[in-house]
Amino acid sequence: MKLKKLFTHLCAIALAGTISLTFTPAHGMDGDDGMPDLEELDLDPDLLIDKPSLEGSRALIGPIDAIGIGTLLGRIGLKEPLWISTKPEKGRDILYLMPSKITSIEYGGGSCNLFFNMTSKMNLTGSNLLNIDQINQSTIGALPGLPASIKNKDQIGSLLPFAKKITIQERKLGSYFQAGYAKGAFLLQFHTSLQLGERNFYLNQHDLAEIQALNTLVFGEDQSYDESNLYRIRVGMGDTRVKLGLNALNSKILQTDVGMECIIPTSRSSRKFLSAFDDTQLNDDEFIYSTAINSLLSVRDYLLTPEIGNGGHFGLGFYMESKFNLFKNLAELVTRVSFDKFFEADEQRLMVQKQSGITALSLENFNPLATPAEAQAAVIKFAKEYLIPLPYRVSTEPGGIFNGIMILNIPYKKWNFRYGYDFYFQQAEQFKHVYADQAVQPLLRTELARVGTMTQHKISSETTYRIKNFNNINLDIGFGGDTTIAAHNIGKDWTVYLKFASEF
């Protein structure tokens, strides 16, 4: 499926096209919409003289540019920050994903699950990331500074609504391993995984066909685009769970194990941080534009890079697993409840600054007699508040995870048929410290970057067959899967897997 220039055109119009205001001269505007021409403004002619750039080809932003920005902002209707949310897309770690993990090995032995997990639509979408509705689509094509290669500028605004329809898909493929050792009433287990994760932007076939036709109309036929910009792939080792338990109760009707578990962030080695921007240089047209484009690419990588683990956090928790014999051993009810608390670790978040007023660069709020330094400060302030989310390193404490599973196991000769319910709840994360200047910290909109509480309800099914031909070693071979029936702040995913398990 060809997605010719999909990401670049939609996002460039939604963000970079808007940001082009910050470096486009405002001369020659006719004021038909009631806004004054720059020639009619009562400005000191000395302020209109081009100042020499400190870096050669760059043009430092002056008062005339700042007022021009305000005029153009009034035309396109940008009076609120463009970003609704800057939080990352989260999903369930594989350690909490496999539905029948507690029945893979009860005590000593090992198992391997070859799994495929798919989230057709993750929680974050274009509509809850960008505030596009405020933009006047009819004025986009009239903006100065748009590339001359655009064939039909009057149609460019028609691409904007499609940015709201963009969703994110995620696929995970890998092997989930368990190994255990039992000695008397004590047991020790290790769980880990090897994974390949992929995320991509998605539009349905109807919207894709329509946007491809518009793309050709607006940009022409002779456009080429690297489709690798639309997806990200990550390979690595997942986190590791270590369980130390005790068989506290063992009767004919009920068996119960209790214990502690530790989550070791063995996925930490595969993490990558975004490059930080030197926002002190947001004082000339070229750097603002390049920073805006880099910011767009950072948002793309921020959203599309799959999470293999939990973000590099150590965890410590407890669990209880029980098995009830039902109907005179005709069936078993298997349950597991666990709660894991995670500790602080550094992550990265994109954040914009708090809004200081309605369109800070509007004609009503900007002093036309401002000095060049004041004009540059106003533009920088506006860019940080309305347009450009910048990366910050944050000491984050993820919310604790509660996981409850209930499975009905029906044995029949060498077969086992299992049907289950899975409940997942994760508390909202907290920011303990933001690594930024003390003057900047209170200005950041941290609430837009924090991940809230997540809940998910799943049902599952698994069928296994037992082979007993390996020197008294039981080998179970089977297949299974799960699907999400309800979710909040997390995507609705499904899983299929093949299982090979041995108890000895």
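Because the structure is a prediction, the values reported are computed rather than measured.

Notes on the overall build of the protein
When helices and strands are tallied, the protein shows 6 helices and 16 strands. Sequence separation of at least 24 residues holds for 81% of the intrachain contacts in the protein that already meet a minimum separation of 6. About 22,600 Å² of surface is accessible on the protein, with carbon and sulfur atoms providing 59% of the total.

Re the pattern of salt bridges
Enumeration according to the criterion identifies 24 salt bridges in this entry. Between Glu307 and Lys90 there is a salt bridge whose closest N-O contact spans 2.9 Å. A residue pair is termed long-range when its members are at least 10 positions apart, and Glu307 in the loop between α5 (285–304) and β7 (315–326) and Lys90 in the loop between α2 (63–76) and β1 (109–119) qualify at 217 residues. Both residues of the pair, Glu307 and Lys90, count as buried. Ionic pairing is found between Glu462 and Arg418, a salt bridge with its closest N-O pair at 2.7 Å. Note that Glu462 is positioned in strand β14 (residues 454–470) and Arg418 in strand β12 (residues 415–426), a separation of 44 residues in sequence. Residue Glu462 shares its accessibility class with Arg418, and that shared class is buried. The network of salt bridges with shared partners includes Lys90, Glu307, Glu347, Arg349 and Glu429.

Remarks on the nonpolar core
Taken as a class, soluble globular proteins show a tendency for nonpolar side chains to be buried jointly. Counting residues in each nonpolar core, the largest one holds 49 residues, and the members touching the most others are Leu303, Met351, Tyr392 and Val434. Elements with a contribution of two residues or more to this core: α3 (160–165), α4 (205–219), α5, β9 (345–351), α6 (372–387), β10 (390–397) and β13 (430–434). For Met351, the residues in contact, after removing those within four places along its chain, are Thr86, Ile388, Pro389, Leu390, Tyr392, Val394, Val434, Leu444, Arg445, Thr446 and Ala449. Listed in part, the 15 residues of the second largest apolar core include Leu95, Met98, Tyr424 and Ile490.

Describing α6
Across its 16 residues, α6 extends 21 Å between first and last C-alpha, which sits within 8% of the 22 Å expected from 1.5 Å per residue. Taken together, the buried positions of α6 are Ala375, Gln376, Ala378, Val379, Ile380, Phe382, Ala383, Lys384, Glu385, Tyr386 and Leu387.

Some points on the pairing of strand β5 (residues 240–250)
Across 6 bridges, strand β3 (residues 186–202) lies against β5 in antiparallel orientation. What sits directly across from Phe190, in β5, is Val242. Alignment of β5 against strand β6 (residues 254–264), held across 10 bridges, turns out to be antiparallel. Each residue of the ladder has a partner; that of Asn250, found in β6, is Gln255. Taken together, β5 and the strand that follows it, β6, pair antiparallel across an intervening segment of 3 residues.

Observations concerning the packing of aromatic side chains
Following the criterion strictly, the structure yields 5 aromatic pairs and no others. Plain terms: the ring middles of Trp415 and Phe417 are 6.3 Å apart, the flat faces sit at 10° to each other, and that makes the pair stacked. The exposure class of Phe417 is partly exposed, given its relative accessible area of 26%. Chaining the aromatic ring pairs together yields one cluster made of Trp415, Phe417 and Tyr465. One residue, Lys243, lies across the ring of Tyr319, its end atom 4.7 Å from the ring centre. The ring of Phe431 has Arg450 sitting right over it, with the charged end atom 5.8 Å from the ring centre.

Here we look at the confidence of the model for the protein
Averaged over every residue, the pLDDT of the protein is 78; the share at 70 or more is 72%. Predicted confidence is poor over residues 1–58, with pLDDT under 50, and the contacts of this stretch with residues over four places away or in other chains come to 139 contacts.

Considerations on unusual backbone geometry
Of note, Lys413 is a non-glycine position whose phi angle comes to about 55°, a positive value. With respect to the secondary-structure elements, Lys413 resides in the loop between β11 (401–412) and β12. Despite not being glycine, Asn489 has its phi angle at roughly 65°, a positive value. Along the polypeptide, Asn489 turns up in the loop between β15 (473–488) and β16 (493–503). Taking relative accessible area as the criterion, Asn489 reaches 24% and is therefore assigned partly exposed.

A word on the sheet that holds β10
In spatial order, the strands read β9-β10-β13; together these 3 strands make up an open sheet with antiparallel pairing. If you trace the sheet from one side to the other, it starts and ends with β9 and β13, each paired once. Each neighbouring strand pair of the sheet contributes to a mean axis angle of 50°, computed without reference to strand direction. Bridge count for β9 against β10 is 7 bridges, and the pairing is antiparallel. Its bridge partner lying in β10, Gln348 is registered against Arg393.

Describing the environment of Pro306
Along the chain, the position of Pro306 falls in the loop between α5 and β7. Accessibility expressed as a relative area gives 1% for Pro306, which makes it buried. For Pro306, the residues in contact, after removing those within four places along its chain, are Glu170, Gly197, Glu198, Arg199, Arg232 and Arg234.

Things to note about the pairing of β11
Looking at chain direction, strand β8 (residues 331–342) and β11 are connected through 9 bridges and run antiparallel. Paired with Thr335 across the bridge in β11 is Met406. Here β11 runs beside β12; their pairing, made up of 12 bridges, is antiparallel. Paired with Ile410 across the two strands is Phe417, which belongs to β12.

Let's talk about a nonpolar patch on the surface
Taken together, the side chains of Phe186, Leu246, Val258, Met320, Val337 and Phe402 define a hydrophobic patch exposed on the protein surface, amounting to about 470 Å² of accessible area. Relative to the helices and strands, Phe186 is located in strand β3. Take Phe186: its relative accessible area is 54%, and that puts it in the exposed class.

Some points on the environment of Leu244
Along the chain, the position of Leu244 falls in strand β5. Leu244 gets classed as exposed once you look at its relative accessible area, which sits at 54%. Sequence separation between Leu244 and Leu187 is 57 residues, and the spatial gap between their C-alpha atoms is 6.0 Å. Residues within four places of Leu244 in sequence aside, it is in contact with Leu187, Leu188, Gly259, Met260 and Tyr319.

The rules we used
- Residues numbered from 1 in each chain as written.
- Predicted model: local features only at pLDDT ≥ 70, side-chain atom pairs only at ≥ 80, totals over all residues.
- Heavy atoms only, no water.
- Helix = DSSP H or I, 4+ residues; strand = E, 2+ residues; numbered from the N terminus.
- Contact = heavy atoms within 4.5 Å.
- Areas by Shrake-Rupley, 256 points an atom, 1.4 Å probe, with all protein chains shown as cover.
- Salt bridge = Lys/Arg side-chain N within 4 Å of Asp/Glu carboxyl O.
- Buried < 20%, exposed > 50% of the residue type's maximum accessible area, 1.4 Å probe, protein only.
- Core = buried A, V, L, I, M, F, W, Y, C linked by side-chain atoms within 4.5 Å.
- Expected span 1.5 Å × (residues − 1).
- Pairing = 2+ DSSP bridges.
- Phe/Tyr/Trp six-rings, centres within 6.5 Å; stacked < 30°, edge-to-face > 60°.
- Lys NZ or Arg CZ within 6 Å of the ring centre and 35° of its normal.
- pLDDT = per-residue confidence, 0-100.
- Axes fitted to C-alpha atoms, helices over the stretch in contact; angles between N-to-C directions.
- Patch = residues over 30% accessible without salt bridge, like charges linked within 9 Å, V, L, I, M, F, W, Y side chains within 5 Å.

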